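Now for the letters of each chain:
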Amino acid sequence: MSVINFADTLLNDFVYSVCKEIKNGKSTRTIYEYNKKKIWIMKSVPRLPQLEKNKLKEIDSIVFCLSEKDEGIYCVQNREQINRCYSEFTNNKDNYDESNTDEYNAGDGRKKFIKNNSTLTGNIKELGKHLNNEWGADIKMDNDSSNNGKSIEEQLKDLISNGATQIILTGAPGIGKTRMAKEVAEKLNGKGYEFVQFHPSYDYTDFVEGLRPIEDKDNAGNTTMVFRKVDGIFKKFCREVVKQNAEEKKYFFLIDEINRADLSKVFGELMFCLETDKRGKGNAVQTQYQNLPTYDVKEKKYYGENEDIFANGFYIPENVIIIGTMNDIDRSVESMDFALRRRFIWKEVEVTRDLLKNSLTGILGEYKEKYKCNFECDKVAEVIADSIMNLNNEKLKDNPNFGKHYFISQGQFANLPGNIINQAIDAGEKAEDKTEAIAKSLISSVWDLRLESLLYEYIRGEGDEQDFVEECKKALESREEKESTQA
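Below, the structure is looked at part by part. Owing to the predicted nature of the structure, the values given are computational and were not obtained by experimental measurement.

So, how was this worked out
- Residues numbered from 1 in each chain as written.
- Predicted model: local features only at pLDDT ≥ 70, side-chain atom pairs only at ≥ 80, totals over all residues.
- Heavy atoms only, no water.
- Helix = DSSP H or I, 4+ residues; strand = E, 2+ residues; numbered from the N terminus.
- Buried < 20%, exposed > 50% of the residue type's maximum accessible area, 1.4 Å probe, protein only.
- Contact = heavy atoms within 4.5 Å.
- Areas by Shrake-Rupley, 256 points an atom, 1.4 Å probe, with all protein chains shown as cover.
- Pairing = 2+ DSSP bridges.
- Axes fitted to C-alpha atoms, helices over the stretch in contact; angles between N-to-C directions.
- Expected span 1.5 Å × (residues − 1).
- Arc of directions from axis to C-beta.

### Structural notes on the overall build of the chain
- Helices and strands together make up the secondary structure of the chain, namely 19 helices and 15 strands.
- Burial status across the chain gives 50% buried among its 487 residues.
- Contacts spanning at least 24 positions in sequence make up 68% of the contacts within the chain whose residues lie at least 6 apart.
- As displayed, the chain has an accessible area near 24,500 Å², and 44% of this comes from carbon and sulfur atoms.

### Digging into the sheet that holds strand β11 (residues 251–256)
- Taken together, the five strands give an open sheet; going across it, the order is β8-β11-β14-β7-β15, and neighbouring strands pair in parallel fashion. Two strands in the sheet have a free side with no partner beyond their single neighbour: β8 (193–197) and β15 (345–349). Adjacent strand axes in the sheet meet at a mean angle of 20°, parallel and antiparallel pairs treated alike.
- Pairing between strand β7 (residues 166–171) and β15: five bridges, direction parallel. Each bridged residue has a counterpart across the sheet, and for Thr-170 the counterpart in β15 is Glu-348.
- Lying over the sheet, helix α11 (residues 233–244) contacts β8, β11 and β14 (320–327), oriented at roughly 170° with respect to β11.

### Structural notes on the environment of Ala-172
- Along the chain, Ala-172 falls in the loop between β7 and α9 (177–189).
- The sequence separation of Ala-172 and Val-351 amounts to 179 residues, and the corresponding C-alpha distance is 7.3 Å.
- When sequence neighbours within four positions are dropped, the list of residues in contact with Ala-172 reads Lys-177, Asn-327, Val-349, Val-351, Lys-404, His-405 and Phe-407.

### Brief notes about helix α19 (residues 465–477)
- Between the first and last C-alpha of α19 there are 19 Å, a value that for 13 residues agrees with the 18 Å anticipated at 1.5 Å per step.
- Those residues of α19 that sit buried are Glu-465, Phe-468, Val-469, Cys-472, Ala-475 and Leu-476. The buried residues of α19 all sit within an arc of 120° when viewed along its axis, so they share a single face. Of the residues in α19, the exposed ones pointing more than 90 degrees away from the buried face are Asp-467, Lys-474 and Glu-477.

Any functional reading would require information that these geometric values do not contain.
Encoded structure:
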């Protein structure tokens, strides 16, 4: 199944869970409510005429869960689109009524009706094309983290090779989103990427351009401080890309913690340039400081009239790929407005047992090499991964206050001090089961240093913090072999 532009990750999850129920045969005659917004979810587009026009006014979003070759999920989120879709599909009402049989209502007839009705199928495809254009998303993304066996890195490379130019990686804290972004950039373009981390004081003058104090010397050698217009980190990066004149090569700009800054203030008029079809010299925009000459800090001089490639306006080269990362549970996530959200493709990195095991094996391997110790990294990683997933599935997954965005990840076991590693190795040397002893020692240390306070913060103010934390500790310490740990 595929998603095009849902407003937030939690809504994404909500729609998927409902659509899974629909695919299992449950009714779609209910208007679902999410975040005080009413959503009508249908298994196939022809069900739209079942909704009376006066009832349609109450609906904030319509989700089409299509079948056959058009299988996917399409979301319509504004009144004009909802009315347009209603008009398009009610034009087929005569054919629809003729098919209103018991077999049709049972589901098989609906599939046959869609498949055999060329006009209706054409409208479905037209709707998909219209939504792609409307939301600026040409790529469908699979919610299944396995994605036919492909790793997250491989999925990212597939997206980029198929035309994605702006991607945001979301997921639980510490799951390795930044590392993934860097690895993909390195594999596709060596070291050809720029990295920046956003924070609350980051603004337009840091990112695009602005007046900055520059040390200047007069002819007598006296030093003074003057303000001159200089490139921000992103504009400077784009300038270098244009100079390279290698259109076949992809250049990566990575933004860590992208949600921590006031993004409307940071991007400014680049909100226009960010769209994939608004790239290139033909879509240059006038920036806030366009009337001032740009100062080249490196050469300590202004760009000449023929030297400044952005003299007539700034643009983002078509071969610049922007990858941002963010944690879903951070409070500042809400600052990302819909206008900005629709300009990015959203890819969730989920905490799974396989991901935990593979990542922990790498982390433990670094400890093994650094501290010159001997143990089987993959087996210790497997024990820790099972314990983490037991905690996630038992205490966080189905808790209405949390969910998978609060999952504990492998990041909690990274960058541990040397005494903790040595303590775990000593425990292994003294125990009959070396693997189990090392894993338990590491889990105990990480619990004391990191997890206990984190989980307490999750539920602060609820009144039963201590009970919840104790239950989490028990879940972490027990490693029952359940099918859910494979999630």
